[in-house]
Amino acid sequence: MRTVGVVGAGTIGRGLAQSLAMTGHEVVLVDIAEEALDDALAQIRRDLRFARMLGAQSAGAHEPVDTVLERLRPTTDHAELKAAEFVVENVVEDWDVKSEVYRILDSVCPEETVFAANTSCVPITRIGAQTRRPDRILGMHFMNPVPLKPVVEVIRAVHTSDATVETALRLLSGMGKEGIVVNDSPGFVSNRVMMLAVNEAAYLVYEGVADAASVDRIFTTCFGHRMGMLETADLIGLDTILRSIEVLHERFGDSKYRPCPLLRQLVDAGYLGRKSGRGFHTYEQ
Ligand code: NAD
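Every value quoted in this text rests on a predicted model; they were computed, and no experiment measured them.

(A) Region of interest: the pairing of strand β8 (residues 178-183). Note that strand β7 (residues 151-156) and β8 share six bridges and pair parallel. Each bridged residue has a counterpart across the sheet, and for V151 the counterpart in β8 is E178. Tracing the backbone out of β7, into helix α6 (residues 162-174) and back to the parallel element β8 gives a crossover that is right-handed.

See below:
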């Protein structure tokens, strides 16, 4: 596969574009905001230089920085995605925005193009049913930071064909990654467990049982986790976490997924985690 479309150049889309370009793919990177594209390219350049300096072992880390950057075609025009054989959508976790993007993709891309939704909790079957090619829609849940994560959760929706799953696994193999195939269900496997744990960790801080640093340290020191729950939430983005918990709450109708008021308050305040410099923890920008 030569040309891959990446829609959305935010936290996860930029890492995905970088990982694809590092492994020899031409990437059409689309965002509605010029600023997001500029930030994405600047961050990718920084990450590539840093990875070379540290002698990183991730797939494609040996590629010259300029060669990787030349493979990226940033644009605000969704119509340029017609050149892509495979498109991964990474726009904000909002049903109305996502559904409008699939309407556009369906009209500009050739019939055989596969669309993968990189979403935290939106049901893939619901996305597929919006399009005229539901058999060519699946979920691909990449983890952040994409170039460093060797495994991707691949979600088979009700309509997804075997050929579509195989195409996605082939793309991942070309990126030096492995896919674990699971069936469609709100939050899939990873986020159904992760979001519940993050929300409960937020409740501990909200109730004054412990501060964020202590909650995280218990998991890093006692359980050997590389990062604490709340640090992970900051890395993902608290707006994405909140929307995901809301989707789980709405889809299962189970009060165990009720969002912690502190999470809502941090998002209302604009404290979205690493991307805004402050979330449960504070970061240097
Ligand atoms: P983000 O807010 O950082 O980035 C979203 C980007 O989408 C923004 O740059 C925005 O300008 C762009 N966008 C909005 N509408 C658009 C449109 N119509 N066309 C093109 N671009 C548009 O969000 P994020 O954290 O990167 O998450 C994106 C998606 O990936 C979400 O569905 C999220 O659940 C999922 N996801 C995120 C992570 C993570 O760690 N952040 C991991 C896996 C999956």
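(B) Geometry of the side chain of N90. With respect to the helices and strands, the residue N90 is situated in the loop between β4 (86-89) and α4 (95-108). Judged by its relative accessible area of 8%, N90 falls in the buried class. Looking at N90, its side chain comes within polar contact range of the side chain of N118, at 2.9 Å. Contact partners of N90, with chain neighbours within four places excluded, come to V6, V7, G8, I12, G13, L16 and N118.

(C) Representation of the domain arrangement of the protein chain within the structure. Looking at the assigned domains, one finds that the protein chain contains domain 1 (3-183) and domain 2 (191-268). Listed as interface residues are nine residues of domain 1 and, on the opposing side, 10 residues of domain 2. Where domain 1 abuts domain 2, roughly 860 Å² becomes buried across the two surfaces, and 57% of that area is made up of carbon and sulfur atoms. Applying the counting criterion to the domain 1 and domain 2 interface returns zero salt bridges. For the interface between domain 1 and domain 2, the tally reads three residue pairs in polar contact (both at pLDDT 80 or more). Counted by class, the side of domain 1 that touches domain 2 contains three nonpolar, four polar and two charged residues.

Reading the values: the criteria
- Residues numbered from 1 in each chain as written.
- Predicted model: local features only at pLDDT ≥ 70, side-chain atom pairs only at ≥ 80, totals over all residues.
- Heavy atoms only, no water.
- Pairing = 2+ DSSP bridges.
- Helix = DSSP H or I, 4+ residues; strand = E, 2+ residues; numbered from the N terminus.
- Right-handed = clockwise from strand over helix to strand, strands pointing away.
- Buried < 20%, exposed > 50% of the residue type's maximum accessible area, 1.4 Å probe, protein only.
- Polar contact = N/O pair within 3.5 Å; in protein donor to acceptor, adjacent residues only side chain to side chain.
- Contact = heavy atoms within 4.5 Å.
- Domains from an automatic or database assignment.
- Buried area = accessible area lost by both parts, 1.4 Å probe.
- Salt bridge = Lys/Arg side-chain N within 4 Å of Asp/Glu carboxyl O.
- Nonpolar A, V, L, I, M, F, W, Y, C, P; charged D, E, K, R; others polar.

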